[in-house]
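Commentary on secondary and tertiary structure
So you can see what is in the structure, the chains are spelled out below.
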Amino acid sequence: MADYSKTQALMQRGIDFLGSEHAILCGAMSWVSERNLVAAISNAGGFGVIACGAMTPELLDTEIAATKALTTKPFGVNLITMHPMLFDLIAVCARHGISHVVLAGGIPPKGSVEAIKAFGGKVLVFAPTLALAKKLLRSGADALVIEGSEAGGHIGPVATSVLAQEFLPALAADHVVFVAGGIGRGDMIAAYLEMGASGVQLGTRFACATESIAHPAFKQAFFRANARDAIASVQVDPRLPVIPVRALKNKGTEEFTAKQREVAQLLDDGKVDMGEAQLQIEQFWAGALRRAVIDGDVESGSIMAGQSVGMVNKEEPVADIMTELMAESEAALTR
């Protein structure tokens with residue numbers, strides 16, 4: 001049995017909170033974080049999280065049941081706050097007794113945190129500013145994920161290293177805080193743990209694991225890419241606030257720019273309202289991501305990846321990735 005005692009000691013609060021062996025969350029990646037990868041992460045001692053994304057309540061129900069068939073370890077569910085059926089999805093989590101729900105993509109709507117806590121679920125939230133983080137923790141959130149702009153998928157504007165220096169000294173003494181964005185090695189995990197983080201979240205590093213159902217062409221794109229290939233999407237119209245998304249540069253990146261122009265025009269012509277406009281953009285992403293992950297269309301699909309993609313150069317089992325991360329962290333803390 002490998003000795004990770006120093007790392008585990010610093011992760012203890014995160015471990016107690018998650019109920020997993022290591023306080024390493026797998027970021028919820030739409031289409032990628034499904035039953036196979038989620039179960040593999042949890043079975044390897046981490047904490048897998050199902051990406052609900054645009055799923056219907058029926059699909060989420062099926063996915064949770066299928067995940068439970070593959071692991072007896074704890075795992076969570078990530079729900080997008082702007083999902084039109086958010087409260088129905090929360091009800092599905094309640095029926096399955098899901099222990100942890102991650103609310104992502106915006107400020108949790110009124111009553112959502114309470115609805116999760118009502119069935120005994122723990123709530124994890126994201127917060128782009130310290131003031132909002134404090135407000136969410138005051139109003140019932142159980143833990144916080146701070147995610148920097150190096151991450152893949154939807155991102156905020158500030159780097160992880162800056163957020164960590166801003167949030168951890170203010171919050172880590174009293175709250176469970178996980179750090180995410182740009183983490184590809186265990187040395188970095190050790191650094192954030194030493195700064196007071198209770199654990200970390202990685203997505204990109206796990207996306208191409210052997211157990212990931214992502215298409216071989218999607219994985220190949222990751223293996224070929226460097227950090228600078230993972231670029232943030234451009235916002236075309238200031239009236240259409242689109243959360244930027246980090247993905248590998250390809251034709252799909254340009255198609256998204258065109259899609260924004262089209263939706264902005266509909267907004268101009270009064271054919272859609274702002275909520276509908278943003279939902280159309282979200283649905284575009286869901287479709288483009290599916291084309292890349294499931295169909296292997298790496299030309300026009302969206303290959304969402306964080307800047308740590310340069311550290312992903314081969315397909316390997318989740319258990320090996322986990323062992324390597326923990327060993328690197330332990331070595332860094334022992335030095």
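Here's a quick rundown of the structure. The shown structure was predicted, so the numbers you read here are calculated from the model rather than taken from an experiment.

Digging into the overall build of the protein chain
Scanning the protein chain from terminus to terminus reveals 13 helices and 11 strands. Since a compact globule built from 335 residues should have a radius of gyration of about 20 Å, the 19 Å found for the protein chain is in line with a globular shape. Considering only residue pairs separated by 6 or more positions, the protein chain has 65% of its internal contacts joining residues 24 or more positions apart. With 28 positive and 36 negative side-chain charges, the protein chain shows a spacing of 2 Å between the two charge centroids.

Quick word on the pattern of salt bridges
With the rule as written, the count across this model stands at 12 salt bridges. Here Asp295 and Arg290 are joined by a salt bridge, their closest N and O atoms 3.5 Å apart. By relative accessible area, which is 35% here, Arg290 ends up partly exposed. Each member of the salt-bridge network shares a partner with another, and the members are Arg185, Asp187, Glu328 and Arg335.

A word on the environment of Glu150
Position of Glu150 among the secondary structure elements: in the loop between strand E6 (143–147) and strand E7 (153–154). The class for Glu150 is buried, based on a relative accessible area of 16%. Taking C-alpha positions, Glu150 is 7.6 Å from Ser308, a pair spaced 158 residues apart along the chain. Dropping the residues within four chain positions of it, Glu150 is found in contact with Ala159, Thr160, Ser161, Gly181, Gly182, Arg246, Gly306 and Gln307.

Quick look at helix H4 (residues 86–96)
Along H4, the residues that are buried comprise Leu86, Leu89, Ile90, Val92, Cys93 and His96. For H4, the angular spread of buried residues about the axis comes to 155 degrees, placing them on one side. On its buried face, H4 is in contact with helix H3 (57–68), strand E3 (75–80), strand E4 (100–104) and helix H5 (112–118). Positive phi appears at Gly97, one or two residues downstream of H4, with a value of about 65 degrees.

Focus on the packing of H3 against H4
For the pair H3 and H4, interaxial distance at closest approach is 9 Å and the crossing angle is 25 degrees. If you check the angle between H3 and H4, you find them roughly parallel. Here the hand of the crossing between H3 and H4 comes out right-handed. Listed contacts from H4 to Pro57, Leu60, Asp61, Ile64, Ala65 and Lys68 of H3 are Asp88, Leu89, Val92, Cys93, Arg95 and His96.

Let's talk about the pairing of strand E2 (residues 48–51)
Here E2 shows a buried face lined by Gly48 and Ile50 and a second buried face lined by Val49 and Ala51. Note: E2 against E3, four bridges, orientation parallel. Each residue of the ladder has a partner; that of Ala51, found in E3, is Asn78. The β-α-β motif built from E2, the intervening H3 and the parallel element E3 has right-handed crossover chirality.

Let's talk about the packing of aromatic side chains
Within this structure, the stated rule accounts for five aromatic pairs. Summarising the aromatic geometry, the rings of Phe256 and Phe284 are spaced 5.5 Å apart at their centres and angled 35 degrees between planes, so their arrangement reads as tilted. With Phe256 in helix H11 (residues 251–268) and Phe284 in helix H12 (residues 274–293), the pair connects residues that are 28 residues apart, well separated along the chain. Taken as a pair, Phe256 and Phe284 share a single burial class, namely buried. Arranged with centres 5.9 Å apart and planes meeting at 70 degrees, the rings of Phe284 and Trp285 form a pair that is edge-to-face. Taken as a pair, Phe284 and Trp285 share a single burial class, namely buried. Of the aromatic side chains, those joined through ring pairs into one cluster are Phe256, Phe284 and Trp285. The cationic tip of Arg290 hangs over the ring face of Trp31; the distance from NZ or CZ to the ring centre is 5.3 Å.

What about the nonpolar core?
Counting residues in each nonpolar core, the largest one holds 108 residues, and the members touching the most others are Leu60, Leu79, Phe178, Phe206 and Phe222. Here this core gets eight residues from one element, more than from any other, and that element is H12. In this view, Leu79 contacts Cys52, Leu60, Leu86, Leu89, Ile90, Cys93, Val101, Val102, Leu103 and Ala104; residues no more than four positions away in its chain are not counted.

Concerning unusual backbone geometry
Phi at Trp31 is positive, roughly 70 degrees, even though this residue is not glycine. In this structure, Trp31 sits in the loop between strand E1 (24–26) and helix H2 (35–43). Its relative accessible area of 34% is what places Trp31 among the partly exposed residues.

Definitions and limits used
Residues numbered from 1 in each chain as written. Predicted model: local features only at pLDDT ≥ 70, side-chain atom pairs only at ≥ 80, totals over all residues. Heavy atoms only, no water. Helix = DSSP H or I, 4+ residues; strand = E, 2+ residues; numbered from the N terminus. Rg over C-alpha atoms; globule rule 2.2 N^0.38 Å. Contact = heavy atoms within 4.5 Å. Lys, Arg positive; Asp, Glu negative; His and termini not counted. Charge placed at Lys NZ, Arg CZ, Asp CG, Glu CD. Salt bridge = Lys/Arg side-chain N within 4 Å of Asp/Glu carboxyl O. Buried < 20%, exposed > 50% of the residue type's maximum accessible area, 1.4 Å probe, protein only. Arc of directions from axis to C-beta. Axes fitted to C-alpha atoms, helices over the stretch in contact; angles between N-to-C directions. Parallel < 35°, antiparallel > 145°, perpendicular 65-115°, else oblique. Left-handed = near helix turned anticlockwise from the far one by under 90°. Pairing = 2+ DSSP bridges. Right-handed = clockwise from strand over helix to strand, strands pointing away. Phe/Tyr/Trp six-rings, centres within 6.5 Å; stacked < 30°, edge-to-face > 60°. Lys NZ or Arg CZ within 6 Å of the ring centre and 35° of its normal. Core = buried A, V, L, I, M, F, W, Y, C linked by side-chain atoms within 4.5 Å.

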